[in-house]
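Each chain, letter by letter, is given below.
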Amino acid sequence: MNAPNAMGSVPSQGVDDVASQSGSSMLSLRDLHLNYIQPVDMFERLGMLVKGRRAPRSVQAVAGVDLDIRAGEVIGIVGESGCGKSTLGRMISGILPPTSGEIFYRGQAISGLVGAARRDYELGVQMIFQDPYSSLNPRMRVIDIIGEAPVVHGMVKRTRKEEYVVQLMQQVGLDPAYRFRYPHQFSGGQRQRIGVARALALKPSLIVCDEAVAALDVSIQAQVLNLFIQLRQELGLTYLFISHNLGVVSHIADRVVIMYLGRIVEIADTETIFSRAHHPYTQALIKELPGLRTDQRQFDPIKGELPSPIAPPPGCPFHPRCPKVMDRCRVERPLLKTLGQDGPAPGLPDISLSLHQSACHLNDVIPLEPK
Ligand code: SF4
């Protein structure tokens, strides 16, 4: 498989090459695409026949993502609704199959995994969803929501299930006395803790958190974020933390990935994103965060709306909203380029040298960062 690499250039590496390179990466994404086919109703089908157009429209939700996630790292994926971040999370979790490209888990392509290796991947990558209420079966008691899957997978004997659930509930800050209650008998924050315990029950190494605190009150958000940080320290977990809120991600992520219309437009360690954001879209996301700039008195939202992924703009997809747009931006799509190299992310070993990359034509007119 020849796919653009995370540097934005076009490599000539095969599956085996990626597998050997990703020894330090828990997860590697290579040229990942996902296209949704837009369903057509009877009238649209008639219109297509009259106009002679037969192919249904396809929506590019994810359009060529390359990313390496190291063991123990927290990656924040940020962008507006519709940028493809949740679709990316669902592909990594195995819920959605990619249209093309490959996902490597511990160096092995997941499309080729069978038997025990497939099971290791399916148990090792768990997902926590945005809405803790709809993601829990309302007819099941908490003891079964948390404890049934590990019993089914042979990780815990049925006779030890209750003891196992009690231990997990304590670990996520829930009173084990409530283990026979149903989800509707808990608050939103408690329900999200049940979702966390359910994910932890399968002893995962990577947890995909899809807007995991977005549905909670601000004070509860802080408590659940602290729980994620505590569990990472205790269990050495790796997180892919998906959020539309750059401020939330800044509390937990070592590196931040900014997505726009299905593509990565900037990636750097968290400190660099906030101190030296390069892409105008990242700068706009930071500007609209209240409280980060002391001179900011008014809410400063990004101008315009996210274009439709059915008909993305030519050239740079951000150009209709970009305050720095140039003629070239309207016709030529910028590729990810390396601007500089950041130091090791806090708390991570020597593998954590991060590249600061952005996809913007300003890269060609602004001097690169010193290495
Ligand atoms: Fe703005 Fe042009 Fe950079 Fe796109 S390529 S973000 S339009 S300056």
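1. Description of the overall build of the chain
Then, number 1: The secondary structure content of the chain amounts to eleven helices and twelve strands.
Then, number 2: With 371 residues in all, the chain has 50% of them scored as buried.
Then, number 3: Residue pairs in contact within the chain that sit at least 24 positions apart in sequence constitute 66% of those at least 6 positions apart.
Then, number 4: Surface accessibility of the chain: about 17,700 Å² in total, with carbon and sulfur atoms responsible for 53%.

2. Re the side chain of histidine 356
Then, number 1: Structurally, histidine 356 can be placed in strand S12 (residues 354-358).
Then, number 2: For histidine 356, a relative accessible area of 0% gives the class buried.
Then, number 3: There is a polar contact of 2.6 Å between the side chain of histidine 356 and the side chain of glutamate 266.

3. Digging into the sheet that holds strand S5 (residues 108-109)
Then, number 1: One open sheet holds the four strands; their spatial order is S2-S1-S4-S5, and the pairing between them is antiparallel. The sheet terminates laterally at strand S2 (58-70) and S5, the two strands that pair on one side only.
Then, number 2: Sheet strands in contact with helix H3 (residues 85-92) are strand S1 (25-37), S2 and strand S4 (100-105), and its direction is about 120 degrees off that of S1.

4. Let's talk about the pairing of strand S3 (residues 74-78)
Then, number 1: Judged by how many residues are buried, S3 sits mostly within the fold: five of five residues are covered.
Then, number 2: The alternating pattern of S3 places Val74, Gly76 and Val78 and Ile75 and Ile77 on opposite faces, both of which are buried.
Then, number 3: The sheet contact formed by S3 and strand S9 (residues 255-260) spans four bridges and is parallel. The residue bridging isoleucine 75 from the neighbouring strand is arginine 255, located in S9.

5. Examining the packing of helix H7 (residues 188-200) against helix H8 (residues 218-235)
Then, number 1: Contact geometry of H7 with H8 gives a least axis separation of 10 Å together with a crossing angle of 20 degrees. Considering the angle they form, H7 stands roughly parallel to H8. Relative to H8, the crossing made by H7 is right-handed. Listed contacts from H8 to Gly189, Gln192, Arg193, Val196 and Leu200 of H7 are Ile220, Gln223, Val224, Leu227, Phe228, Leu231 and Leu235.
Then, number 2: Taken together, the residues of the contact of H7 with H8 break down into eight nonpolar, three polar and one charged.

6. Considerations on the nonpolar core
Then, number 1: Counting 58 residues, the largest nonpolar core has Ile146, Phe228, Tyr239 and Ile258 as its most contacted members.
Then, number 2: The residues touching isoleucine 146, leaving out its near neighbours within four places in the chain, are Val165, Leu168, Met169, Ile194, Ala197, Arg198 and Ala201.
Then, number 3: Listed in part, the 33 residues of the second largest apolar core include Val62, Leu67, Met91 and Met259.

7. Quick look at the site of the ligand
Then, number 1: Neighbouring the ligand are the residues His279, Pro280, Cys316, Phe318, His319, Cys322, Lys324, Cys329, Pro334, Cys360, His361 and Leu362.
Then, number 2: Spatially, the ligand is embedded in the largest cavity.
Then, number 3: For the shell around the ligand, a count of residues per class yields eight nonpolar, three polar and one charged.

8. Overview of the environment of glutamine 283
Then, number 1: Relative to the assigned elements, glutamine 283 resides in helix H11 (residues 280-287).
Then, number 2: Residue classification places glutamine 283 among the partly exposed residues on the basis of a relative accessible area of 23%.
Then, number 3: Separated by 19 residues in the primary sequence, glutamine 283 and isoleucine 302 have C-alpha atoms spaced 9.7 Å apart.
Then, number 4: The residues touching glutamine 283, leaving out its near neighbours within four places in the chain, are Ala277, His278 and Lys324.
Then, number 5: In this structure the side chain of glutamine 283 is engaged in a polar contact, spanning 3.3 Å, whose partner is the backbone oxygen of histidine 278.

9. Notes on the confidence of the model for the chain
Then, number 1: Scored by pLDDT, the chain comes out at a mean of 85, with 84% of its residues at no less than 70.
Then, number 2: Here residues 1-23 is modelled with pLDDT under 50, and outside its nearest four sequence neighbours on either side it reaches 44 contacts, counting other chains as well.
Then, number 3: Note that pLDDT drops below 50 for residues 344-352; the model gives that stretch 14 contacts with residues more than four away or on any other chain.

10. Focus on the pattern of salt bridges
Pairing between side chains of opposite charge can happen when the charged atoms of each approach one another.
Then, number 1: One pass over the full model with this rule turns up 17 salt bridges.
Then, number 2: Taking the shortest distance from any N to any O, the salt bridge between glutamate 80 and arginine 321 comes out at 3.0 Å. Note that glutamate 80 is positioned in the loop between S3 and H3 and arginine 321 in the loop between H11 and strand S11 (337-342), a separation of 241 residues in sequence.
Then, number 3: Judged by its relative accessible area of 8%, arginine 321 is buried.

11. Some details on the packing of aromatic side chains
Then, number 1: Counting across every chain of the model gives seven aromatic pairs.
Then, number 2: Ring centres of tyrosine 260 and tyrosine 281 lie 4.7 Å apart, and the angle between their planes is 65 degrees; on these two criteria the pair is classed as edge-to-face. Pair noted here: tyrosine 260 is in strand S9 and tyrosine 281 is in helix H11, with a separation of 21 residues, a long-range link. Considered together, tyrosine 260 and tyrosine 281 belong to a single accessibility category, that of buried residues.

12. A short note on empty space enclosed by the protein
Then, number 1: Per the counting criterion, the structure on display carries one cavity of 30 Å³ or more.
Then, number 2: Around the largest cavity sit His279, Pro280, Cys316, Phe318, Cys322, Lys324, Cys329, Pro334, Cys360, His361 and Leu362, which together line it.
Then, number 3: Partitioning the lining of the largest cavity into residue classes produces eight nonpolar, two polar and one charged.

Scoring rules and cut-offs
Residues numbered from 1 in each chain as written. Predicted model: local features only at pLDDT ≥ 70, side-chain atom pairs only at ≥ 80, totals over all residues. Heavy atoms only, no water. Helix = DSSP H or I, 4+ residues; strand = E, 2+ residues; numbered from the N terminus. Buried < 20%, exposed > 50% of the residue type's maximum accessible area, 1.4 Å probe, protein only. Contact = heavy atoms within 4.5 Å. Areas by Shrake-Rupley, 256 points an atom, 1.4 Å probe, with all protein chains shown as cover. Polar contact = N/O pair within 3.5 Å; in protein donor to acceptor, adjacent residues only side chain to side chain. Pairing = 2+ DSSP bridges. Axes fitted to C-alpha atoms, helices over the stretch in contact; angles between N-to-C directions. Parallel < 35°, antiparallel > 145°, perpendicular 65-115°, else oblique. Left-handed = near helix turned anticlockwise from the far one by under 90°. Nonpolar A, V, L, I, M, F, W, Y, C, P; charged D, E, K, R; others polar. Core = buried A, V, L, I, M, F, W, Y, C linked by side-chain atoms within 4.5 Å. Near = heavy atom within 4 Å. 1 Å grid on protein atoms, 1.4 Å probe; cavity = no way out; pocket = protein on both sides within 12 Å on 5 of 7 lines; lining within 4 Å. Sits in = over half its atoms within 2 Å of the grid points. pLDDT = per-residue confidence, 0-100. Salt bridge = Lys/Arg side-chain N within 4 Å of Asp/Glu carboxyl O. Phe/Tyr/Trp six-rings, centres within 6.5 Å; stacked < 30°, edge-to-face > 60°. Points joined across faces, edges and corners; volume = space filled by probe spheres on them.

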